[in-house]
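Structure assessment
Chain residues, written in single-letter form:
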Amino acid sequence: MGTLHKYWLVMNPYDIEKRVNEMASQGWHLKKFTWIRFTFEQDEPGSYIYRHDELERFGSTYEDEYLDFLKSSGIEQVDRSGNFVFFRKPAHEGPFELYSDKKTKISNLSKKITLLSLILLLNLFFGIIGLISISGGQHTDMLKLLLNSTNILIVMLLVGSILKLMRVRKNLKKELDVFSD
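My aim in this report is to walk through the structure given alongside it, one point at a time.

The rules we used
- Residues numbered from 1 in each chain as written.
- Predicted model: local features only at pLDDT ≥ 70, side-chain atom pairs only at ≥ 80, totals over all residues.
- Heavy atoms only, no water.
- Pairing = 2+ DSSP bridges.
- Helix = DSSP H or I, 4+ residues; strand = E, 2+ residues; numbered from the N terminus.
- 1 Å grid on protein atoms, 1.4 Å probe; cavity = no way out; pocket = protein on both sides within 12 Å on 5 of 7 lines; lining within 4 Å.
- Points joined across faces, edges and corners; volume = space filled by probe spheres on them.
- Core = buried A, V, L, I, M, F, W, Y, C linked by side-chain atoms within 4.5 Å.
- Buried < 20%, exposed > 50% of the residue type's maximum accessible area, 1.4 Å probe, protein only.
- Contact = heavy atoms within 4.5 Å.

Now for the pairing of strand β2 (residues 28-33). Note that β2 and strand β3 (residues 37-42) share five bridges and pair antiparallel. Note that in β3 the partner of Trp28 across the bridge is Gln42. Where β2 folds back onto β3 in an antiparallel hairpin, the turn is made up of three residues.

What follows is the structure, encoded as structure tokens:
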């Protein structure tokens with residue numbers, strides 16, 4: 001059995017879940033992960049389906065009951081990093097969904113969007129201020145130019161991630177409205 005490491009930044013958990021399932025279909029099954037590093041082991045292609053969940057109930061009895069319920073349903077917890085958890089179930093048992101309600105998912109996405117927006121604004125502020133201060137001098141400090149340009153690059157990367165998360169949140173809100181009518 002081989003081992004493979006992939007490095008993905010967990011910004012959009014639904015994209016990460018899709019990537020993990022794509023890896024599983026190629027025979028690479030998730031063994032452990034952190035917020036950026038995912039470790040896979042080679043096995044039979046397509047033998048598991050993976051789902052993620054974000055547990056806000058850190059250490060509560062409700063969390064323990066939820067995890068026990070999933071285990072009794074044949075759903076295995078693969079690994080956990082903070083409140084982000086991956087589960088899997090054999091593919092031959094058919095598709096499965098986790099039981100987090102849409103309001104919790106929307107709330108988690110809203111928190112992520114807020115955090116990423118704050119990071120975006122800070123990078124934008126420091127990047128613009130830095131670039132303005134550099135442009136006032138007669139010679140250009142290349143290190144300052146590089147650092148401030150990096151801030152602007154981070155802003156551009158965050159804009160795409162934030163827009164994707166907002167789209168996912170909007171779709172969840174639509175689904176919630178459909179089911180609550």
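This part is about empty space enclosed by the protein. Using the criterion set out here, one finds one cavity of 30 Å³ or more in the structure. Taken as a whole, the largest cavity spans an internal volume of roughly 70 Å³. Lining the largest cavity are ten residues, and of these Tyr14, His52, Glu54, Lys105 and Asn108 sit closest to its centre. Elements represented by at least two residues in the lining of the largest cavity include exactly α1 (13-25), β4 (48-54) and α3 (102-135). Ranked by the residues each element gives to the lining of the largest cavity, the list is headed by α3, at four residues.

The next subject is the nonpolar core. Core analysis: the biggest nonpolar cluster contains 15 residues, and Val20, Leu30, Phe38, Phe40 and Phe86 have the highest contact counts within it. Counting only elements with at least two residues in this core, the list comes to α1, β2, β3 and β6 (84-90). With four residues, α1 is the single largest residue contributor to this core. Filtering out sequence-adjacent residues up to four positions away, Leu30 remains in contact with Val20, Phe38, Thr39, Phe40, Tyr50, Val78, Phe86 and Arg88. If you look at the next biggest cluster of nonpolar residues, it comprises eleven residues, including Ile106, Leu158, Ile162 and Leu165.

Purely spatial values, then, with no claim about function.
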